[in-house]
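Structure assessment
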Amino acid sequence: MDVINQPLPVRQLEPGATLTVRRPLDGGTAQIRLLEEAILDTSFVSSSTERHVVVPTLERMRVEELSINYGQKPAVRSVSLPIRQGEVLGLIGPSGCGKTTLLRSLNRLTELTKSASLIGRVTLDGVDIAELEPTALRRRVTMVFQQPNPFPMSVFDNVAYVLREQAKRKPRKMSLRPQVEEALARAGLLEEVRDNMDHPALRLSGGQQQRLCIARALAANPEVLLLDEPCSALDPQSTKVIEDLIVKLREEVAVVIVTHNLQQAHRIADHVAFMYLGELVEYAPGHALFGNPKEQRTREYVSGAFG
Amino acid sequence: MSRTRALESSSSWRWTDRLGLAFAWLVGLLFCVICAAIVIYLLVQGIRYLHPSFLWTNPKVGNTQNETGGILAPLLGTALVIALAMGIATPVGVGIAVWLSEYARPRQLARVVESTVEMFAGAPSIVLALFGVILFRASFLGFLTEKTGGVVYGKGFFPAGAMLSLLALPLVVTSVREGLQAIPNHVREASYAVGKTKIATIRRVLLPAVRPDIITGSMIGAGHALGDTVIIVILLGDTYILQGVGHVPLLGTLRGTGDTLTSYIFDNAPTGDLNQPNKAFAAALVLLVIVLILNVIVDIFGRKARELKWT
């Protein structure tokens with residue numbers, strides 16, 4: 001049994017191995033059994049963030065042979081990969097490689113683009129997402145965007161908006177309060193906004209706005225959280241806060257993050273998918289993809305040869 | 001807005017550039033002087049009758065300007081007709097703007113609606129007034145004005161308000177549409193991405209976001225309608241006092257004819273029927289102040305709209 005909050009050498013862990021991990025949320029410890037083989041590289045573990053603590057995984061979504069075209073132009077070519085709760089999946093690749101399109105197809109936002117056509121299958125808990133009502137699917141697979149985009153209303157209403165039925169206005173404001181506070185707490189924003197929940201959300205700082213958007217996405221109690229370059233418009237300080245948050249959230253939801261920032265993918269992603277020209281070139285655990293890429297194109301990209 | 005001052009002296013300028021700069025200064029100052037002259041002249045001419053009671057006495061028949069009362073009826077008439085016009089133009093304008101910006105299908109129809117709105121923006125109000133005269137004399141619209149023995153009078157607040165609303169409509173549409181188009185698409189998608197429908201997104205996200213634009217557009221539209229005289233003279237009846245029809249309090253007044261500040265000024269101008277120039281100048285000052293207040297409101301909400309926005 002290993003306690004992994006001290007520097008340890010790189011080690012291979014067999015499936016079925018039990019280890020004690022420190023829970024980032026409350027600092028307590030939990031015992032977990034590994035479902036699959038894992039490599040623990042503690043050189044990533046910074047004493048302050050306790051990243052790369054292994055948590056159990058559970059497959060929520062599966063992308064099967066998915067191809068997406070915009071008109072005649074292929075954007076995603078026959079991609080297959082699993083999306084698991086308990087880990088952060090990082091999508092990396094140069095601009096136009098299809099990673100954002102892939103992300104948007106997971107909650108059928110691609111359908112908003114008229115010319116987009118889709119071949120293949122994406123399942124959520126074993127059910128083809130094409131068979132789900134888009135609005136129902138999007139409550140289970142929510143998304144946070146590159147630019148912080150709180151709605152032009154109060155902090156409270158931004159979260160409550162998600163909890164209310166469609167266009168309804170203000171049913172029982174007080175009754176929604178516990179749920180709103182819970183969502184804000186999960187996004188690590190509650191303490192900062194507790195006293196000014198009625199202030200316009202657009203008055204918050206960029207980093208706070210983005211965490212509000214995460215709170216909004218969490219309010220629906222999704223199974224999967226999609227993040228499209230959530231830190232690219234933020235300063236390093238806010239980026240760190242959000243990265244820490246993402247690492248915590250992977251225990252409760254499956255997290256998929258598109259990022260241009262390779263260091264960020266390295267820091268927070270448990271599995272990384274490298275895409276190039278619409279193809280999935282390599283899918284591997286983060287440390288393997290960055291430390292020892294199998295494909296030539298991955299090696300060139302992560303070493304900065306292109307992209 | 002602050003501009004960086006160029007660190008250079010104008011001594012090295014070519015004479016044509018200096019002339020250009022001098023011209024820009026000259027016309028800028030000239031414009032201010034002309035405006036100031038108008039306001040001062042209005043003040044000098046109208047100040048004698050610009051007494052508080054001028055605002056709350058009705059116009060009366062009299063031989064000299066001292067006996068002809070105030071502008072209560074035109075003031076009320078202005079408020080009523082503008083309220084009516086904006087009560088129509090604002091919801092209709094917002095609806096058109098939302099449809100044009102968020103739906104616009106089929107595209108051909110959208111293009112037709114768009115050019116129609118643009119055409120109305122440039123339509124001379126006399127054309128609208130003329131159309132209004134024909135329209136509101138139709139017997140099926142007789143309930144909106146006075147109807148005696150099968151003949152529809154066709155003049156009153158409803159016809160004037162309806163036609164004025166067409167004058168204000170394009171300004172509302174333009175303002176709201178620009179506001180909607182300034183909302184980045186990812187804001188709409190953020191709403192869809194938490195499972196909201198398009199209707200919910202429009203009602204709960206987009207419309208609150210363009211509230212300042214709705215107010216600005218309505219105020220600009222109201223300012224435009226406020227200044228119109230032709231529609232008022234032709235369609236409101238230009239009757240100097242509010243002449244209600246029937247006994248229902250507000251509805252009766254609206255069905256009846258009346259007067260506004262512009263038609264009051266028109267009638268009292270030296271070329272008008274009544275020729276009481278000082279009264280006209282006093283009323284013109286009041287009108288100017290109202291327009292000024294509208295502009296201040298536009299300014300405040302315009303600033304508010306720019307203040308809280310996405311990147």
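Residues numbered from 1 in each chain as written. Chains lettered and ligands numbered in written order. Predicted model: local features only at pLDDT ≥ 70, side-chain atom pairs only at ≥ 80, totals over all residues.

1. Focus: the overall build of chain A
A count of helical and extended segments in chain A gives 10 helices and 14 strands. Relative to its 307 residues, chain A shows a buried fraction of 43%. Sequence separation of at least 24 residues holds for 65% of the intrachain contacts in chain A that already meet a minimum separation of 6. (Helix = DSSP H or I, 4+ residues; strand = E, 2+ residues; numbered from the N terminus. Buried ≥ 20, exposed ≤ 12 C-beta atoms within 10 Å, placed from the backbone. Contact = placed C-beta atoms within 7 Å.)

2. A look at the overall build of chain B
On a plain count of helices and strands, chain B comes out with 13 helices and 2 strands. The C-alpha extent of chain B, read off along each of the three principal axes, is 65 × 65 × 35 Å. Sequence-distant contacts in chain B: of pairs separated by 6 or more residues, those separated by 24 or more amount to 69%.

3. Some words on the packing of helix α12 (residues 261-268) of chain B against helix α13 (residues 277-307) of chain B
Residue and element names in this part refer to chain B. As a packed pair, α12 and α13 sit with axes 8 Å apart at the nearest point and diverge in direction by 155°. The orientation of α12 with respect to α13, classified from their angle, is roughly antiparallel. With respect to the hand of their crossing, α12 and α13 are arranged in left-handed fashion. Contact with α12, carried on its side by L261, Y264, I265 and N268, involves P277, K279, A280, A283, A284, V286 and L287 of α13 and no other residues of that element. In the contact of α12 with α13, the residues fall into 9 nonpolar, 1 polar and 1 charged. (Axes fitted to C-alpha atoms, helices over the stretch in contact; angles between N-to-C directions. Parallel < 35°, antiparallel > 145°, perpendicular 65-115°, else oblique. Left-handed = near helix turned anticlockwise from the far one by under 90°. Nonpolar A, V, L, I, M, F, W, Y, C, P; charged D, E, K, R; others polar.)

4. Brief notes about the pairing of strand β6 (residues 73-85) of chain A
Looking at chain direction, strand β5 (residues 58-70) of chain A and β6 of chain A are connected through 9 bridges and run antiparallel. Following the sheet pairing, R62 of chain A is matched in β6 of chain A by P82 of chain A. (Pairing = 2+ DSSP bridges.)

5. Looking at the environment of E114 of chain B
Residue and element names in this part refer to chain B. Among the secondary structure elements, E114 is positioned in helix α4 (residues 107-122). Since 15 C-beta atoms lie within 10 Å of it, E114 is described here as partly exposed. A C-alpha to C-alpha distance of 14 Å links E114 and V92, two positions 22 residues apart in sequence.

6. Regarding the domain arrangement of chain B
What the domain assignment lists for chain B is domain 1 (16-44) and domain 2 (72-307). The gap between the C-alpha centroids of domain 1 of chain B and domain 2 of chain B is 32 Å. (Domains from an automatic or database assignment.)

7. Points about the environment of I68 of chain A
All names here are of chain A. The topology assignment puts I68 in strand β5. In this structure I68 comes out as buried when scored by C-beta crowding, with 23 C-beta atoms within 10 Å. Separated by 33 residues in sequence, I68 and T101 place their C-alpha atoms 7.9 Å apart. Beyond its immediate chain neighbours, meaning those up to four positions away, I68 contacts A75, V76, T101, S105, T110, A116 and L118.

8. Focus: the interface of chain A and chain B
Note on interface size: it is often stated as the accessible area lost on association of the parts. Taken together, the contact between chain A and chain B spans 26 residues of the former and 21 residues of the latter. Mapped by element, the contributors of at least two residues to the side of chain A that touches chain B are α2 (134-140), β10 (141-144), α3 (155-163) and α6 (206-219) of chain A. Among the elements that make up the side of chain A that touches chain B, the one with the highest residue count is α2 of chain A (4 residues). Considered class by class, the residues forming the side of chain A that touches chain B number 17 nonpolar, 6 polar and 3 charged.

9. Focus on unusual backbone geometry
Across residues other than glycine, the phi torsion is negative in most instances, and most of the peptide bonds are trans. That bond from R105 of chain B to P106 of chain B is cis: its omega, -5°, falls within 30 degrees of zero. Within the secondary structure, P106 of chain B sits in the loop between α3 (72-103) and α4. For R108 of chain A, which is not glycine, the phi torsion reads 60° and is therefore positive. C-beta crowding within 10 Å serves as the criterion here: with 22 such atoms nearby, R108 of chain A is assigned to the buried category. For D125 of chain A, which is not glycine, the phi dihedral falls at a positive 50°. Examined against the element boundaries, D125 of chain A turns out to sit in the loop between β8 (116-124) and β9 (127-128). Judged by the 13 C-beta atoms lying within 10 Å of it, D125 of chain A falls in the partly exposed class.

10. With respect to the nonpolar core
In terms of nonpolar packing, the biggest core is built from 128 residues, with L91, A215, V224, V255 and V256 of chain A together with A168 of chain B touching the most fellow members. With 15 residues, the top contributor of residues to this core is helix α6 (residues 157-181) of chain B. Residues contacting L91 of chain A, with those up to four places away along its chain left out, are K99, L102, L103, V256, I257, V258, A273 and M275 of chain A. (Core = buried A, V, L, I, M, F, W, Y, C linked by C-beta atoms within 7 Å.)

11. Re the confidence of the model for chain A
Residue and element names in this part refer to chain A. Confidence in the prediction for chain A averages 84 pLDDT; 79% of positions are at 70 or higher. A low-confidence stretch, residues 1-10 (pLDDT under 50), is modelled with 19 contacts involving residues beyond four sequence positions or located in other chains. Low pLDDT, under 50, characterises residues 41-52; the stretch is placed with 19 contacts to residues that sit more than four places away or in other chains. (pLDDT = per-residue confidence, 0-100.)

12. With respect to helix α9 (residues 211-226) of chain B
At 3.6 residues per turn, the α-helix brings residues three or four places apart onto the same side. With 16 residues, α9 of chain B should cover 22 Å at 1.5 Å per step; its first-to-last C-alpha distance of 22 Å lies within 8% of that length. Within α9 of chain B, 14 of the 16 residues are buried, which leaves it mostly tucked inside the rest of the structure. (Expected span 1.5 Å × (residues − 1).)

13. Some words on the confidence of the model for chain B
Per-residue confidence for chain B gives a mean pLDDT of 89; residues scoring 70 or more make up 96%. For this predicted complex, the interface score ipTM comes out at 0.80, while the overall pTM is 0.82.

14. With respect to the pairing of strand β13 (residues 271-276) of chain A
Residues and elements named next belong to chain A. Of all the 6 residues making up β13, 6 are buried; the element is thus mostly covered by neighbouring parts of the structure. Where burial is concerned, the two faces of β13 agree: the one with H271, A273 and M275 and the one with V272, F274 and Y276 are both buried. Note: strand β7 (residues 88-92) against β13, 4 bridges, orientation parallel. What sits directly across from G90, in β13, is V272. Here β13 pairs with strand β14 (residues 279-285) via 6 bridges, running antiparallel. The residue of β14 that forms the bridge with F274 is E282. A loop of 2 residues connects β13 with β14, the two strands running antiparallel in sequence, and L277 in this loop sits at a positive phi of about 50°.

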